[in-house]
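# Observations on chain architecture
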Amino acid sequence: MLKTDTEKGISGDESDLTARQNAFGSNTYPRKKGRSFLAFVWDACKDLTLIILMVAAAVSLALGITTEGIKEGWYDGASIGFAVLLVVFVTATSDYKQSLQFQNLNEEKQNIHLEVVRGGRRIKVSIYDLVVGDVVPLKIGDQVPADGILISGHSFSIDESSMTGESKIVNKDQKSPFLMSGCKVADGYGTMLVTAVGINTEWGLLMASISEDSGEETPLQVRLNGVATFIGMIGLSVAVVVLIVLLARYFTGHTYNPDGSPQYVKGKMGVGSTIRGIVKIFTVAVTIVVVAVPEGLPLAVTLTLAFSMRKMMKDKALVRRLSACETMGSATTICSDKTGTLTLNQMTVVEAYFGGKKLAPADNTQMLSAAMLSLIIEGIAQNTTGSIFEPEGGQAPEVTGSPTEKAILSWGLQLGMKFSETRSKSSVLQVFPFNSEKKRGGVAVHLGGSEVHVYWKGAAELILESCTNWLDADGSKNSMTPEKVGEFKKFIEDMAIASLRCVAFAYRPCDMDDVPNEDQRADWVLPEDNLIMLGIVGIKDPCRPGVQDSIRLCTAAGIKVRMVTGDNLQTARAIALECGILTDPNVSEPIIMEGKTFRALPDLEREEAAEKISVMGRSSPNDKLLLVKALRSRGHVVAVTGDGTNDAPALHEADIGLSMGIQGTEVAKESSDIIILDDNFASLVRVVRWGRSVYANIQKFIQFQLTVNVAALIINFVSAVSSGDVPLNAVQLLWVNLIMDTLGALALATEPPNNHLMQRPPVGRREPLITNIMWRNLLIMAFFQVSVLLTLTFKGQSLLQLKHDNAAHAETLKNTFIFNTFVLCQVFNEFNARKPDELNIFKGITGNRLFMAIIAITVVLQVLIIEFLGKFMSTVRLSWQLWLVSIGLAFLSWPLSLLGKLIPVPDRPFSDSFTCCSRGKKEADDEKEGSAKQNNV
């Protein structure tokens with residue numbers, strides 16, 4: 001009824017696909033709408049300090065209009081109100097943009113690509129393009145992409161826990177063929193017919209009813225919330241003291257107008273004037289809190305994470321878990337797979353040893369008898385999870401499957417194999433899918449009558465151990481003597497030294513009477529002893545170009561790269577030498593070790609061996625898990641790559657799990673934190689750079705923001721206590737807050753990574769956010785700004801030669817000059833914060849256009865404020881001479897910062913970089929319970 005061929009699938013032409021989508025729907029489901037821009041505006045308005053300022057602005061506006069009339073009285077209140085609205089809208093816009101970015105990345109995460117059979121050809125399509133009637137091949141680790149029924153399968157079982165909640169593995173066969181979308185293939189392989197997609201599936205109904213926004217907070221965000229709260233408390237304390245001092249001075253007649261008269265005279269002031277004076281004082285105190293509370297810190301983390309995630313997508317890394325971005329910067333060791341990560345995953349059979357002799361070339365069939373060739377071709381065609389599409393018209397066949405399967409099938413074609421024809425001559429009775437624990441895969445086929453062949457292929461030395469006989473070139477069976485075993489082993493060793501992957505082929509003839517009947521066949525274990533060796537192939541998988549440079553870069557950055565592979569020790573050694581993981585070809589245990597040896601060690605010895613190990617050969621997924629646990633218990637922050645279903649525990653246990661986008665199964669991807677889309681080790685190193693960049697950018701922003709905080713608080717506090725007035729009023733402080741929080745975060749949090757980041761050791765996750773270097777820079781800059789601005793506050797009129805000016809004008813001009821100098825100091829401070837530990841602060845400046853744009857916008861807006869918005873900002877125009885003096889004073893901060901950087905400061909020793917950062921995902925939740933806040937305080 002679905003007009004589908006169970007072998008060739010649907011035709012796949014555009015009109016057929018459109019008709020099916022119209023009839024049965026597309027494989028998508030309606031998402032809950034994201035939050036609107038107005039929702040973010042409303043969130044920004046909920047800030048308590050901004051609410052207080054809005055109330056103060058309203059009171060100030062009402063009193064101003066009442067006492068001075070609408071023409072003059074609206075400026076103060078309106079300017080505060082406008083400044084608050086500007087802060088609200090800039091914050092809301094920034095948050096809204098980040099939410100859209102995270103939404104897009106979420107959709108990218110769910111866009112799985114899978115194989116379907118259309119027109120007899122296997123092609124890769126997006127899960128969203130799947131239609132009812134599609135035939136989908138499934139193998140271990142895949143996600144069932146839609147609802148459907150099993151057409152055929154071998155040892156096929158499904159993990160339905162995502163739908164039923166029960167972690168029971170369910171076997172699927174013709175009696176129980178129904179497959180539910182969202183479930184995972186636990187074992188075996190098979191093909192399914194899609195019968196329902198999208199909202200018509202159980203999974204679609206479930207997904208449509210839940211929201212994607214997890215609201216996840218990373219450990220760094222939790223820590224920064226603690227820092228922000230602590231700094232906010234200091235700001236609040238200062239504001240309370242300033243409020244008490246200003247009110248005391250005001251009511252005792254010690255606060256004076258510019259002309260020298262007291263602002264408050266008891267018994268002679270109207271109620272409106274008194275309230276207006278109090279509101280002004282209250283507004284200044286609240287604004288100090290606004291400036292002191294660094295709400296830009298969490299914003300900076302969000303910005304830098306969103307920026308990094310977007311850029312990492314271009315660098316072929318899809319982030320599934322936000323916290324992995326920052327944790328990657330702390331990685332001290334990377335446990336990497338070999339195949340596809342360190343190598344190209346472009347495999348070809350280059351050597352073959354069959355019939356007891358080496359074939360030259362590898363596809364020389366003339367050296368083999370017809371009977372021998374027939375067994376080899378049958379074993380290749382039937383014992384595979386790959387496929388060959390043979391187009392009409394004599395075009396080249398298309399081979400699909402894993403790289404190893406493709407290499408062997410391509411070699412089979414060179415031997416003269418007709419794939420479909422060979423498979424049709426016999427029927428499959430039972431399959432043992434390739435298993436990374438046993439490192440072999442097998443199939444039993446019925447040739448007709450009572451003749452049954454069981455074919456095995458897998459790791460050469462393991463298959464060899466199971467063989468008791470071997471076939472010579474004529475097809476004659478010979479006993480496997482110790483001399484012949486040595487000959488086979490020598491050939492395996494020679495291939496391994498040439499960095500070839502060795503795969504052996506063996507078979508065992510059986511009688512149909514030995515095979516259980518169909519009802520009991522599902523539990524039949526294929527015989528794997530007394531095998532007859534057919535031969536061995538050597539598969540070349542060249543190293544990726546540039547992988548040596550990437551490993552050298554990791555070593556310089558204090559990150560040890562360890563190779564964990566299923567290949568034998570000699571192949572692993574050869575590849576490790578080629579990649580640069582090993583430099584000495586004669587190293588021995590524990591630097592290079594087999595998985596079974598490592599597994600057998602006692603816990604304490606295993607930990608010591610893990611510290612030294614560089615290459616692990618013939619490792620199982622469980623060995624990888626043991627290695628990760630041992631390294632973490634030694635205090636390392638471990639990044640692990642994995643592609644198989646069995647790698648899921650190691651990926652989950654590691655601090656950062658990295659799955660492979662091309663070779664990785666869906667189970668591995670779901671257990672990982674980051675998906676390396678091109679399976680390339682160089683992409684993995686770029687992820688480390690971005691991880692370090694996240695941390696470095698946050699530190700730059702903290703240094704910048706705390707400098708402004710300290711300077712603004714001290715200036716206003718000292719001025720309030722000593723003179724009863726503050727040089728920076730509410731609207732000016734709100735403008736500084738905007739520069740400091742939102743624009744500062746945008747400028748510094750989006751700094752791209754550089755090579756300098758990879759020339760220093762990893763950052764411990766429990767290490768203080770503010771390093772000794774940052775304290776040095778921060779204190780020098782704050783001291784300079786406070787010294788200059790306090791000098792101007794108390795001696796400004798004489799220094800600027802304003803003694804003969806009108807008193808009110810002189811005071812306003814002095815405060816304008818202080819405000820302008822303070823803002824320009826922050827512009828130079830942003831340049832200084834870019835390179836906290838480098839002398840050349842302008843290095844690479846042209847590479848960050850956003851930084852240059854924000855600096856330009858800040859300067860242009862400052863000029864506009866001083867020259868054209870004086871009424872609103874309580875400023876007056878400055879002469880060009882005063883502008884030059886203001887720029888000169890701000891510029892002085894640059895040579896001062898250079899001198900400061902020459903002052904040596906004690907820094908952490910390298911060995912301490914990971915002594916206290918073995919905490920992983922499991923402990924991240926502890927930070928959310930407040931321990932991080934306490935540590936920071």
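Numbering of residues begins from 1 in every chain and follows the order in which that chain's sequence is written. Reporting in this predicted model follows two pLDDT cut-offs: at least 70 for local features of residues, and 80 or more for side-chain atom pairs to be given and counted; totals over whole chains, interfaces and linings ignore these cut-offs and use all residues. Hydrogens and waters are ignored; side-chain quantities use all the structure's heavy atoms.

We count it as follows: UniProt positions are given in the numbering used here, feature names are shortened, and annotations may be inferred rather than shown by experiment.
Under an unreviewed UniProt entry, the name given to the protein chain is Calcium-transporting ATPase, and the source organism is Brachypodium distachyon. Of the comments in the UniProt record for the protein chain, the one headed Catalytic activity (unreviewed entry) reads "Ca(2+)(in) + ATP + H2O = Ca(2+)(out) + ADP + phosphate + H(+)".

### So, the overall build of the protein chain
Applied cut-off: Only DSSP runs of H or I covering at least 4 residues are called helices, and only runs of E covering at least 2 are called strands; the numbering of each starts at the N terminus. A 1.4 Å probe rolled over the protein chains alone gives each residue an accessible area, and that area as a share of the maximum for its type sets the label: buried under 20%, exposed over 50%, partly exposed in between. The contact criterion used throughout is that any non-hydrogen atoms of two residues lie within 4.5 Å. Only the protein chains shown count as cover for residues, and the accessible areas themselves come from Shrake-Rupley with a 1.4 Å probe. The charge count treats Lys and Arg as positive and Asp and Glu as negative. His and the chain ends do not count. All charge positions are set by atom: Lys at NZ, Arg at CZ, Asp at CG, Glu at CD.
A tally of regular secondary structure across the protein chain gives 32 helices and 26 strands. Projecting the C-alpha coordinates of the protein chain onto the three principal axes gives extents of approximately 120 × 65 × 50 Å. Residue burial in the protein chain is summarised as follows: out of 937 residues, 55% are buried. Sequence separation of at least 24 residues holds for 73% of the intrachain contacts in the protein chain that already meet a minimum separation of 6. Here the protein chain displays about 39,700 Å² of accessible surface, and carbon together with sulfur accounts for 58% of that area. The centroid of the 90 positive side-chain charges in the protein chain is displaced by 7 Å from the centroid of its 98 negative side-chain charges.

### Some remarks on the pairing of strand S2 (residues 121–126)
Let me state the cut-off plainly: Between any two strands, at least two bridges found by DSSP are needed for them to pair.
With 6 bridges connecting them, strand S1 (residues 113–118) and S2 associate as antiparallel partners. Bridging across to S2, His-113 finds its partner in Ser-126. Counting the residues that bridge the hairpin from S1 to S2 gives 2 residues, and of these Gly-119 lies at a positive phi of roughly 65 degrees.

### Re the packing of aromatic side chains
Filter applied, for reference: Side-chain rings of Phe, Tyr and Trp, where Trp is taken by its six-membered ring, are said to pair if the distance between their centres is within 6.5 Å; with planes under 30 degrees apart they count as stacked, over 60 as edge-to-face, and otherwise as tilted. Note on criteria: charge over ring means Lys NZ or Arg CZ within 6 Å of the ring centre, with the direction from the centre no more than 35 degrees off the ring normal.
What the rule picks out here adds up to 17 aromatic pairs. Ring geometry for Tyr-250 versus Phe-251: centroids 5.3 Å apart, planes at 75 degrees, classification edge-to-face. You can call Tyr-250 buried: its relative accessible area is 2%. Between Phe-307 and Trp-690, the ring centres sit 5.8 Å apart and the planes meet at 70 degrees, which makes this aromatic pair edge-to-face. In this pair, Phe-307 is assigned in helix H10 (residues 296–314) and Trp-690 in helix H24 (residues 681–723), connecting sequence segments 383 residues apart. Side by side, Phe-307 and Trp-690 carry an identical accessibility label, which is buried. The structure contains a cluster of three or more aromatic residues connected by ring pairs, namely Phe-828, Phe-831, Phe-842, Phe-851, Phe-891 and Trp-894. The lysine or arginine in question, Arg-440, covers the ring of Trp-456, its NZ or CZ lying 5.8 Å from the ring centre.

### Things to note about the UniProt feature "transmembrane region" (unreviewed entry) in the protein chain
Annotation from UniProt places "transmembrane region" (unreviewed entry) at residues 48–67, 73–92, 227–251, 281–307, 850–870 and 882–903. Across residues 227–251 one finds 100% helix and 0% strand; the C-alpha atoms that close the span lie 36 Å apart. Between the C-alpha atoms that bound residues 882–903 the distance is 33 Å, and the span itself is 86% helix and 0% strand.

### Details of the pairing of strand S10 (residues 348–354)
Across the 7 residues that make up S10, a large majority, 5, are buried. As judged from the 3 bridges shared by S10 and strand S11 (residues 357–359), these two strands associate in the antiparallel manner. From the neighbouring strand, Phe-354 faces S11, where its bridge partner is Lys-357. Hairpin connection, S10 to S11: the antiparallel pair is bridged by 2 residues, and Gly-355 has positive phi, about 65 degrees.

### Remarks on the nonpolar core
This is how the line gets drawn: Here, the term nonpolar core denotes a set of buried Ala, Val, Leu, Ile, Met, Phe, Trp, Tyr and Cys residues that are joined through side-chain atoms within 4.5 Å. Here the bounds of each domain stem from an automatic or database domain assignment.
The biggest cluster of nonpolar side chains holds 144 residues, and the ones touching the most others in it are Ile-581, Ile-656, Ile-674, Phe-681, Ile-702, Phe-819 and Phe-822. Residue contributions to this core peak at 19 residues, all from H24. When residues of this core are assigned to domains, at least three map to each of domain 2 (218–309 + 688–906) and domain 3 (337–344 + 547–679). Grouped together as the second largest cluster of nonpolar side chains are 36 residues, Phe-419, Leu-471, Ile-532 and Val-537 included.

### Quick word on a nonpolar patch on the surface
Definition in use: Here the term patch refers to residues with relative accessible area over 30% and no salt bridge, with like charges joined within 9 Å and nonpolar side chains (Val, Leu, Ile, Met, Phe, Trp, Tyr) within 5 Å. Should a side-chain nitrogen of Lys or Arg be within 4 Å of a carboxyl oxygen of Asp or Glu, the pair is scored as a salt bridge.
There is a patch of nonpolar side chains on the surface, built from Ile-857, Val-860, Leu-861, Leu-864, Phe-868 and Leu-869 and spanning about 520 Å² of accessible area. Considering the arrangement of structural elements, one finds Phe-868 in helix H28 (residues 849–868). With relative accessibility at 58%, the residue Phe-868 sits in the exposed group.

### A closer look at the state of the cysteines
Threshold: Cysteine sulfurs are considered disulfide-paired once they come within 2.5 Å of each other.
For the structure shown, the criterion picks out 0 disulfides. Among the cysteines around Cys-335, which has no disulfide bond, Cys-554 carries the closest sulfur, lying 12 Å off.

### Concerning the side chain of Arg-689
Short version of the rule: We call two N or O atoms a polar contact when they sit within 3.5 Å, provided that within protein one can donate a hydrogen and the other can accept it, with sequence-adjacent residues counted only if both atoms are side-chain atoms.
One can find Arg-689 in helix H24. For the buried Arg-689, no salt bridge exists, and the shortest N-O distance to an oppositely charged side chain is 6.6 Å, to Asp-315. A distance of 2.6 Å separates polar atoms of two side chains, one belonging to Arg-689 and the other to Asn-755. Ignoring anything within four residues of it in the chain, the contact list for Arg-689 reads Pro-753, Asn-754, Asn-755, Leu-757 and Met-758.

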